[in-house]
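# Remarks on the overall topology
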Amino acid sequence: MRFFIVVLFSVGIGYMGLAQRTDRTNFRAGLNGGVVTGDFSDTHSLTLGVDIYQHWGVSKELDLGFTTGFVNAFGEKKSITNGGLTIETEFDNIQFIPVAGSLRIYPFSGFKFGADLGYAVGINKDNGGGFLYRPSIGVDLNQGSSELNISYFAVNDEATFSCVLLGFLFLF
């Protein structure tokens, strides 16, 4: 009888431990859009992109994973005047494919912050890419089936390409 009680007690404690663990292992995909800031804000305006994440729940408060996607910053037409001469020029779009590790911290249910660190591969002409960092803050929607987030996307090379993004992700 004592053995039965010990086994029952152990199973109960184990079940309670599992019930308190939150497994947020998931695949996330969505869209983002924003405005270009910093070095390229005079020549590029808006950005549109796609985010793809795979995250694994390490603990109740921590997820680790990786990310990729696509970011496109739209070039603008500009008139440049110098010494009475005006020249019309059009700037090409800037495009990146990020390849990065991802970390998310959950201080309380439904809210998260974290960062992506890695490399952004430049895919348009004369774009060598560079070191990528992307801090973000997000909130879960629809009982955790989607997410709304805001992030700062920056790629450092000879000049820094940066933008502020608003994103919406679906969690699968």
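Structure shown above.
Description of the structure in this document. As the structure is a prediction and not an experimental result, all values here were calculated from the model.

## Regarding the packing of aromatic side chains
For the structure shown, the criterion picks out 10 aromatic pairs. Consider the rings of Phe96 and Phe153, whose centres lie 6.3 Å apart with planes at 50°: the pair is tilted. Linking Phe96 in strand 6 (residues 94-108) with Phe153 in strand 9 (residues 146-156), this pair joins segments that are 57 residues apart in sequence. In this structure Phe153 comes out as buried when scored by relative accessible area, which is 1%. Ring geometry for Phe108 versus Phe111: centroids 5.2 Å apart, planes at 10°, classification stacked.

## Overview of the pairing of strand 2 (residues 44-57)
One ladder, built from 10 bridges, connects strand 1 (residues 26-38) with strand 2; its direction is antiparallel. Considered in strand 2, the bridge of Val35 is made with Leu46. In the sheet, strand 2 pairs with strand 3 (residues 62-75) via 12 bridges, with the strands oriented antiparallel. The residue bridging Ile52 from the neighbouring strand is Thr68, located in strand 3. Remark: 4 residues form the turn of the hairpin made by strand 2 and strand 3, two consecutive strands paired antiparallel.

Procedures and definitions
Residues numbered from 1 in each chain as written. Predicted model: local features only at pLDDT ≥ 70, side-chain atom pairs only at ≥ 80, totals over all residues. Heavy atoms only, no water. Phe/Tyr/Trp six-rings, centres within 6.5 Å; stacked < 30°, edge-to-face > 60°. Helix = DSSP H or I, 4+ residues; strand = E, 2+ residues; numbered from the N terminus. Buried < 20%, exposed > 50% of the residue type's maximum accessible area, 1.4 Å probe, protein only. Pairing = 2+ DSSP bridges.

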